[in-house]
Amino acid sequence: MTRPRIAILAMGGTIATRPDASGVMQMGLGADDLVAAVPALAALAEISAETVSRVGSHSLSFDQIHALAARIGALDADGVIVTQGTDTLEETAFLLDLLLDRDIPVIVTAAMRNPALTSPDGPGNLLAAVRVACDPWVRAHAAALGVMAVMLDEVYAASDVLKAHPTRLNAFAAPQTGPLAALVEDRVVPLSLPVREPMTRARARLGAAGRGKAQPVALLWLGLDEPGHLLEALIGQADRLGYRGVVLGAMGGGHVPERIAPLVTRLAGLLPTVVSPRAGGGPLLRQTYGGPAAEIALRAAGLIWGGRLHPLKARVLLETCLRAGLGRDAMAEVFDAFG
Ligand code: ASP
């Protein structure tokens, strides 16, 4: 039986670290090293390995992920695995999902425990990712699954996966939807297919988003009794600061402290401003609460309604919309599709 051709693209991250002379972990391993650490890969697939970068994912840029998407788009392979750091995996996987239109499995994986520790998870995650990419159900449903993340024997949709703990081995979860599949023994057990319509509609609107240049987007997390000074700065010094859009991690179903509602409204008149749930995801309200600081008034004032995406993913989507040159109404439509 011919083995699927799986391309492994290494970006860096804990999975690719090695200890320096003082014992501190530094970026260092390339794609060949990662593959060499997992001899079982050869039985599953015809592996090709490419080192794209050696950086911590906390230092990746939007431009690097656009370049990665272009590279993946040009690959002649039956499946692609990206290895990177865990810190921004929930964002990079989502951005790749927005940019890629391929009907082969594309999977992002990483490691929480570095190779110098007694039980590093990188090799197991890489093996699991390749196993998922080679699985007949996954291959048959690749377009419907979109970009996936594989961590600790679970498969997650890019729109839903979150890093929910800074250090634990089981740091990844999809709290809203659960995993798409689980790995048990050497089997991939399908559990669900993601709802892809919002992504399809977003992609249709975004077109060749990769061509535009990077667009800084601010993310403001609103807390109890927020005084609004950063909002004042965004309004008063918009040119100097250079932000092109703002995501507000808002309270509850789409609420802000009443004292800053006038500022939020002014900001929305100046820059595309997205209201997103600081609860970490889940659909927002649209027509329940009255008053100047709740959803009915904020929507009428021109705030873009973020839907069920986590604020970090909303920020990625807003950057992509801005880069694609979409106007406010088109952006609102894209976000609206996400519920
Ligand atoms: N800071 C690292 C990174 O994101 C952490 C990790 O890989 O888990 O690259």
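Each residue is numbered by its place in its chain's sequence as written, counting from 1. Whole-chain, interface and lining totals are the exception, using all residues; otherwise, since this is a predicted model, local features are given only for residues with pLDDT of at least 70 and side-chain atom pairs are given and counted only at 80 or more. Hydrogen atoms and water are omitted, and side-chain values are computed over all heavy atoms in the structure.

### Some remarks on the layout of surface pockets
Here is step 1 of the chain: Estimates place the volume of the largest pocket at around 240 Å³.
Here is step 2 of the chain: Method remark: on a 1 Å grid restricted to protein atoms, a set of points is classed as a cavity if a 1.4 Å probe fits but cannot get out and as a pocket if it is open with protein on both sides within 12 Å along at least five of seven lines; lining residues have an atom within 4 Å of a point. Around the largest pocket sit 18 residues that line it, and Asp 160, Pro 194, Val 195, Arg 196 and Arg 308 are the ones nearest its centre.
Here is step 3 of the chain: Looking at the lining of the largest pocket, the element that brings in the most residues is helix α8 (residues 197-206), giving four residues.
Here is step 4 of the chain: When the residues that make up the lining of the largest pocket are grouped by side-chain class, the tally is nine nonpolar, four polar and five charged. Grid points are joined across faces, edges and corners, and a volume is the space filled by probe spheres set on the points. Only runs of H or I of at least four residues qualify as helices and only runs of E of at least two qualify as strands under DSSP, and these elements are numbered from the N terminus. As a working rule, the residues Ala, Val, Leu, Ile, Met, Phe, Trp, Tyr, Cys and Pro are called nonpolar, Asp, Glu, Lys and Arg charged, and the rest polar, with Gly in that last group.

### Overview of the nonpolar core
Here is step 1 of the chain: Ile 72, Leu 96 and Leu 317 are the most contacted members of the largest nonpolar core, which totals 54 residues.
Here is step 2 of the chain: Domain boundaries shown here were taken from an automatic or database domain assignment. Composition of this core by domain shows at least three residues from each of domain 1 (5-194) and domain 2 (208-336).
Here is step 3 of the chain: Any two residues having at least one pair of non-hydrogen atoms within 4.5 Å are treated as being in contact. With near-sequence residues (within four places) excluded, Ile 72 lies in contact with Leu 9, Val 80, Val 82, Leu 96, Leu 100, Arg 102 and Val 106. Take the buried Ala, Val, Leu, Ile, Met, Phe, Trp, Tyr and Cys residues and link them wherever side-chain atoms come within 4.5 Å; each set so joined is a nonpolar core. The buried label applies to any residue whose accessible area, calculated with a 1.4 Å probe on protein chains only, is under 20% of its type's maximum; exposed applies above 50%, and partly exposed to all values in between.

### Some words on the side chain of Glu 319
Here is step 1 of the chain: Relative to the assigned elements, Glu 319 resides in helix α13 (residues 311-323).
Here is step 2 of the chain: Under the relative-accessibility criterion, Glu 319 is labelled buried at 1%.
Here is step 3 of the chain: Excluding residues that lie within four positions of it along the chain, Glu 319 makes contacts with Phe 62, His 66, Ala 214, Gln 215 and Val 217.

### Regarding the packing of helix α9 (residues 229-236) against helix α11 (residues 261-270)
Here is step 1 of the chain: The angle between two axes is taken between their N-to-C directions and runs from 0 to 180 degrees, where each axis is a line fitted to C-alpha atoms and a helix contributes only its stretch in contact. Interaxial distance between α9 and α11 falls to 10 Å at its minimum, and their mutual angle equals 30°. The angle between α9 and α11 places the two elements in the roughly parallel class. When the axes of α9 and α11 are compared, the crossing they make is left-handed. Here α9 contributes Leu 231, Glu 232, Leu 234 and Ile 235 to the contact with α11, which in turn contributes Leu 263, Val 264, Arg 266, Leu 267 and Leu 270.
Here is step 2 of the chain: For the contact of α9 with α11, the per-class residue count stands at seven nonpolar, no polar and two charged. In this scheme, roughly parallel covers angles under 35 degrees and roughly antiparallel covers those over 145, while 65 to 115 is roughly perpendicular and the rest are oblique. Note on convention: the crossing is left-handed when the near helix lies turned anticlockwise from the far helix by less than a right angle, right-handed when the turn is clockwise.

### Concerning the sheet that holds strand β12 (residues 187-190)
Here is step 1 of the chain: Pairing between two strands requires that DSSP report at least two bridges joining them. Here eight strands make up an open sheet; going across it, the order is β4-β1-β5-β6-β7-β8-β11-β12 and the pairing mixed. With partners counted over all chains shown, the strands left at the sheet margins are β4 (46-51) and β12, one partner each. Within the sheet, the average angular offset between the axes of one strand and its neighbour, ignoring direction, is 25°.
Here is step 2 of the chain: Across two bridges, strand β6 (residues 106-109) lies against strand β7 (residues 148-151) in parallel orientation.

### Considering the domain arrangement of the protein
Here is step 1 of the chain: Split into domains, the protein comes out as domain 1 (5-194) and domain 2 (208-336).
Here is step 2 of the chain: Centre-to-centre, using C-alpha coordinates, domain 1 lies 30 Å away from domain 2.
Here is step 3 of the chain: Counting residues at the interface gives 15 residues for domain 1, matched by 18 residues for domain 2.
Here is step 4 of the chain: Any carboxyl oxygen of Asp or Glu within 4 Å of a side-chain nitrogen of Lys or Arg constitutes a salt bridge here. Linking domain 1 with domain 2 are three salt bridges, by the criterion used here.
Here is step 5 of the chain: Residue Asp 63 is joined to Arg 323 by a salt bridge in which the shortest nitrogen-to-oxygen separation is 3.0 Å.
Here is step 6 of the chain: Here a polar contact is recorded for every N or O atom pair within 3.5 Å, except that within protein the pair must consist of a potential hydrogen donor and a potential acceptor, and residues adjacent in sequence are included only if both atoms are side-chain atoms. The interface formed by domain 1 and domain 2 includes seven residue pairs in polar contact (both at pLDDT 80 or more).
Here is step 7 of the chain: For the side of domain 1 that touches domain 2, the leading source of residues is helix α4 (residues 89-99), giving six residues.
Here is step 8 of the chain: Residue composition of the side of domain 1 that touches domain 2, by class: eight nonpolar, three polar and four charged.

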